[in-house]
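# Structural overview
Spelled out, the chains give:
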Amino acid sequence: MMELRDDLRLALDRVAFAKRLGLKPDPWQEDLLSSTSERVLLNCCRQSGKSTMTGVIALHRALYHPGSLILCLAPALRQSQELFTKIAGFYRDQGRPVSAVAERKLSLELENRSRVITLPGSEKTVRGFSGAALLAVDEAARVDDSLYFAVRPMLAVSGGSLMMLSTPYGKRGVFFEEWTNGIGWERYEVPASQCPRIPEVFLEEERHSLPHRVYRQEYECSFEETDDQVFSFEDVAAAISKDVRPLFGSEAGRS
Ligand SMILES: Nc1ncnc2c1ncn2[C@@H]1O[C@H](COP(=O)(O)OP(=O)(O)OP(=O)(O)O)[C@@H](O)[C@H]1O
Ligand SMILES: [Mg+2]
């Protein structure tokens, strides 16, 4: 009886579930775990725990919502596998609370019909899944736009959740676009100063060793210009004018 009550508590409370996994959630992590939002953007510094928290949420979903399809996506298979490994690791640490039908290197299939699947980072090979309950996009700032556009319809019929987690990478791409202009998202911004596991002395050392731009990107959640960007985002935006008529295209030559 006690066990059942305990299990019900974990099913209803993701913070309690995270603690059961041996984590002590930071304040922003508690907010995220308590949230019911189905559209989440995590703009977080390196090593803040964004993959870990997404792993907790994914496993919780798989265990307590039978029949859930959970997809892990990243720019490359190796990175989505990293997220999957966290989920599978938590699952094993918990003593496999729901039995596995198949436990593979890139996927986990449970007796309650939930599945966790690692997707390769290529647009051509991700197609074919539908009805996802949760799509988690790790290192989202480096995911190709075409890949993102290919996976979004997987949520169409199921009304599933979408989480995009990343450290910024330039003022471009879907993660930047959604962070700055997207609608319906719950946003979390977590600089290194809010991560109790990153010591101030380490940050001081990084501040001295890294170019300012890189430091701001990695530890201060800042969308910086990238190396291969010849003109700054602000310069390009300022140069666009409605007063100049295009030379070619449908607008050309109109007065
Ligand atoms: N609340 C927490 N309690 C204890 N350890 C934590 C907590 N959150 C994260 N960690 C630990 O911090 C480390 C970094 O976590 P994680 O890999 O999730 O970070 P990340 O933001 O995805 O980093 P990266 O940007 O490098 O991918 C891991 O060892 C993880 O176990
Ligand atoms: Mg990570």
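In this report, the structure presented in the accompanying data block is examined. (Residues numbered from 1 in each chain as written. Chains lettered and ligands numbered in written order. Predicted model: local features only at pLDDT ≥ 70, side-chain atom pairs only at ≥ 80, totals over all residues. Heavy atoms only, no water.)

Below, the discussion takes up the nonpolar core. Formed by 37 residues in total, the largest nonpolar core has its most connected members in Trp28, Leu32, Leu42, Val116 and Met163. The dominant element in this core, judged by the number of residues it contributes, is helix H4 (residues 50-64), at seven residues. Each residue touching Met163, except ones within four places of it in the same chain, is listed here: Leu32, Val40, Leu42, Thr54, Ile57, Leu134, Leu135, Ala136 and Val137. The next biggest cluster of nonpolar side chains, apart from the first, holds 27 residues, and it includes Leu71, Val174, Phe176 and Trp185. (Core = buried A, V, L, I, M, F, W, Y, C linked by side-chain atoms within 4.5 Å. Buried < 20%, exposed > 50% of the residue type's maximum accessible area, 1.4 Å probe, protein only. Helix = DSSP H or I, 4+ residues; strand = E, 2+ residues; numbered from the N terminus. Contact = heavy atoms within 4.5 Å.)

Let us look at the packing of helix H3 (residues 27-34) against H4. Two measures define how a pair of helices packs: the angle their axes make with one another and the distance between the axes. Their axes nearest at 11 Å, the elements H3 and H4 cross at an angle of 30°. One element, H3, and the other, H4, form an angle in the roughly parallel class. Crossing geometry of H3 relative to H4 is assigned as right-handed. The segment H3 lies against H4, with Trp28, Gln29, Leu32 and Leu33 engaging Lys50, Met53, Val56 and Ile57. Its residues assigned to classes, the contact of H3 with H4 shows six nonpolar, one polar and one charged. (Axes fitted to C-alpha atoms, helices over the stretch in contact; angles between N-to-C directions. Parallel < 35°, antiparallel > 145°, perpendicular 65-115°, else oblique. Left-handed = near helix turned anticlockwise from the far one by under 90°. Nonpolar A, V, L, I, M, F, W, Y, C, P; charged D, E, K, R; others polar.)

Moving on to the side chain of Thr54. Its place among the elements puts Thr54 in helix H4. Judged by relative accessible area, Thr54 falls into the buried class, the value being 0%. Look past the residues within four positions of Thr54 in its chain and what remains in contact with it is Leu42, Leu83, Ala136, Met163 and Leu165.

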